[in-house]
Amino acid sequence: MNGRRSHEVVGVVLWALAAGAWVAAMWVPWFRHGVAAGTSPLDGAELLRTGVLDLPPALGLVLLPLPLCALVLLGIAPLRGVGAMVARVLLWLASTAGAVVLVVLVGSVSAWTFGPGAILVVVACLLGCVALGFATVRTPGSTPPA
Amino acid sequence: MTAPHGQEVDYAEPAAVPRERRRRTPRPAGPLWDGPARTALKVGCWVVAGLLALSLVVPLVSVDETGADSPEDAVAQLLQGIVDIDPAAVLAVVDPEETADPGRARSAYERLSSRLLRVGEEVPDEVTAVLLAAEAQLGDGVDRRSLATLAAVELTLADLELDADSIGSGPVRVVVVDGAIDVVLDPGRLPAGSGAGLEAATYSMPLAEGWRADGSPVVEPFLTTVRRDGRWYVSLESSGDDLLGTSP
């Protein structure tokens, strides 16, 4: 594998890992202690759908943008060109903004409540940041993927 | 314009750095890689994205298997769900006919919680204060403060022992023979301000004794389970009727 190919593949893998972590955060609980410590966002959306909670079922839709952005990001991870790079950066910014808001909400409850879901979204934001930095690094004998 | 040393300078022009020298690293001249490997990478990313999307959608639209294999398992799962403060686990073993109507399930639960009271050993003030605060906040819907308050309490189900007592051909009563819910309060986990004056406390609530229904003598604690489509569920309404008398 030449330098250009490995550079591009590493960039794609970094974006894919970031997207995967955002999606995986939907499967695991966001709280470590207390209410819903064993409930993932998917379980929560299911509960909202059944209507047994005193909350509007449409509230489950707030969970949708984060995995949706992550899935599109994963799909366009290997694409080249300025447009694809701009789309990746915008999706990363949108996902990071949404994730930071959710993590701050969880953190404002109590530092004791941080669960694996909250940790995963932070890791995904950092991975996206690394992928973005990697894409802009220009090494001799290679070009950035975008 | 003339520079101090007499040389003429044209300030309308940018500093005379050749454009080609501004680029620190030259772009390589080699071709971009293409072919089957790159196509596989692109297709693979979309396939993985599609599979992940399915993994998110399927649990939302599919119907999970609920209930338990036996009446004892249904009650054990319910108690574990309560201890874990896990609404999904609790609802999975409550009679689906009751959970299908949230108002019906809620009124059955409120009837049980308000009329089936505990007597005997007093709960430590610290535990009472936190649980009352959490209950009051939860009564008005889940909010951040109630989440934080409950995060300060660690609940554990210990030494649970159940005994099924069939009543006729349908429902089965499950009597709690032994077991306790251990409560540990760590005030250091409470949100700033709300933990003032509270100290660490532990409390063990025996499940098999100390229950009284509406001033009547002490009652033997049990929950009534029903069978739906081959699976066992706890019926809050039947439990209330059996323990407290048929509701009007």
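Computed from a predicted model, the values in this text were never measured in an experiment.

S.K.: Lay out the overall build of chain A in plain terms, naming residues and giving numbers.
M.R.: Across its full length, chain A carries five helices and zero strands. Starting at the N terminus, the α and β elements of chain A follow one another as α-α-α-α-α. Counting all 146 residues of chain A, 48% fall into the buried class. Intrachain contacts of chain A at a sequence separation of at least 6 include 70% that bridge at least 24 residues. On chain A, roughly 6200 Å² of surface is accessible, and the fraction owed to carbon and sulfur atoms is 80%.

S.K.: Outline helix H2 (residues 36-61) of chain B, supporting the account with residue identities and numerical values.
M.R.: Compared with an ideal rise of 1.5 Å per residue, which puts 26 residues at 38 Å, H2 of chain B spans 36 Å between its outermost C-alpha atoms and is within 8% of the ideal. Those residues of H2 of chain B that fall on the buried side of the exposure criterion are Arg38, Cys45, Ala49, Leu52 and Leu56 of chain B.

S.K.: Can you lay out the sheet that holds strand S5 (residues 211-213) of chain B for me, pointing to particular residues and giving the numbers?
M.R.: Residues and elements named next belong to chain B. On the basis of which strands lie adjacent, the open sheet formed by three strands has the order S1-S5-S6 and antiparallel pairing. The open sheet is flanked by strand S1 (116-118) and strand S6 (218-219), the only strands paired with a single partner. Taken strand by strand, helix H6 (residues 102-115) contacts S1 and S5, and its axis lies near 35° from that of S1.

S.K.: I'd like to hear about the packing of helix H1 (residues 3-24) of chain A against H2 of chain B, residue by residue, with values.
M.R.: Close contact between H1 of chain A and H2 of chain B brings their axes to 12 Å; oriented N to C, the two are set at 5°. With respect to H2 of chain B, the element H1 of chain A is oriented roughly parallel. Across the interface between the two elements, Arg5, Glu8, Val12 and Val23 of chain A of H1 of chain A pack against Ala37, Arg38, Leu41, Cys45, Leu52 and Leu56 of chain B of H2 of chain B. Taken together, the residues of the contact of H1 of chain A with H2 of chain B sort by class into seven nonpolar, no polar and three charged.

S.K.: Tell me about the confidence of the model for chain A, residues and numbers included.
M.R.: Low pLDDT means the predicted coordinates in that region are not meant to be read closely. Residues at a pLDDT of 70 or more form 78% of chain A, whose mean pLDDT is 80. Here helix H2 (residues 41-50) of chain A stands out as the least confident element of chain A, with mean pLDDT 77; helix H3 (residues 65-76) of chain A is the most confident, with 91.

S.K.: Break down a negative patch on the surface for me, citing the residues and quoting the values.
M.R.: Residues and elements named next belong to chain B. There is a patch of like negative charges on the surface, built from Asp159, Glu161, Asp163, Asp165, Asp178, Glu209 and Glu220. Top element by residues in the negative patch is strand S2 (residues 153-166). It accounts for four residues. Residue placement: aspartate 163 occurs in strand S2. Since its relative accessible area comes to 45%, aspartate 163 is described here as partly exposed.

What counts and what doesn't
Residues numbered from 1 in each chain as written. Chains lettered and ligands numbered in written order. Predicted model: local features only at pLDDT ≥ 70, side-chain atom pairs only at ≥ 80, totals over all residues. Heavy atoms only, no water. Helix = DSSP H or I, 4+ residues; strand = E, 2+ residues; numbered from the N terminus. Buried < 20%, exposed > 50% of the residue type's maximum accessible area, 1.4 Å probe, protein only. Contact = heavy atoms within 4.5 Å. Areas by Shrake-Rupley, 256 points an atom, 1.4 Å probe, with all protein chains shown as cover. Expected span 1.5 Å × (residues − 1). Pairing = 2+ DSSP bridges. Axes fitted to C-alpha atoms, helices over the stretch in contact; angles between N-to-C directions. Parallel < 35°, antiparallel > 145°, perpendicular 65-115°, else oblique. Nonpolar A, V, L, I, M, F, W, Y, C, P; charged D, E, K, R; others polar. pLDDT = per-residue confidence, 0-100. Patch = residues over 30% accessible without salt bridge, like charges linked within 9 Å, V, L, I, M, F, W, Y side chains within 5 Å. Salt bridge = Lys/Arg side-chain N within 4 Å of Asp/Glu carboxyl O. Lys, Arg positive; Asp, Glu negative; His and termini not counted. Charge placed at Lys NZ, Arg CZ, Asp CG, Glu CD.

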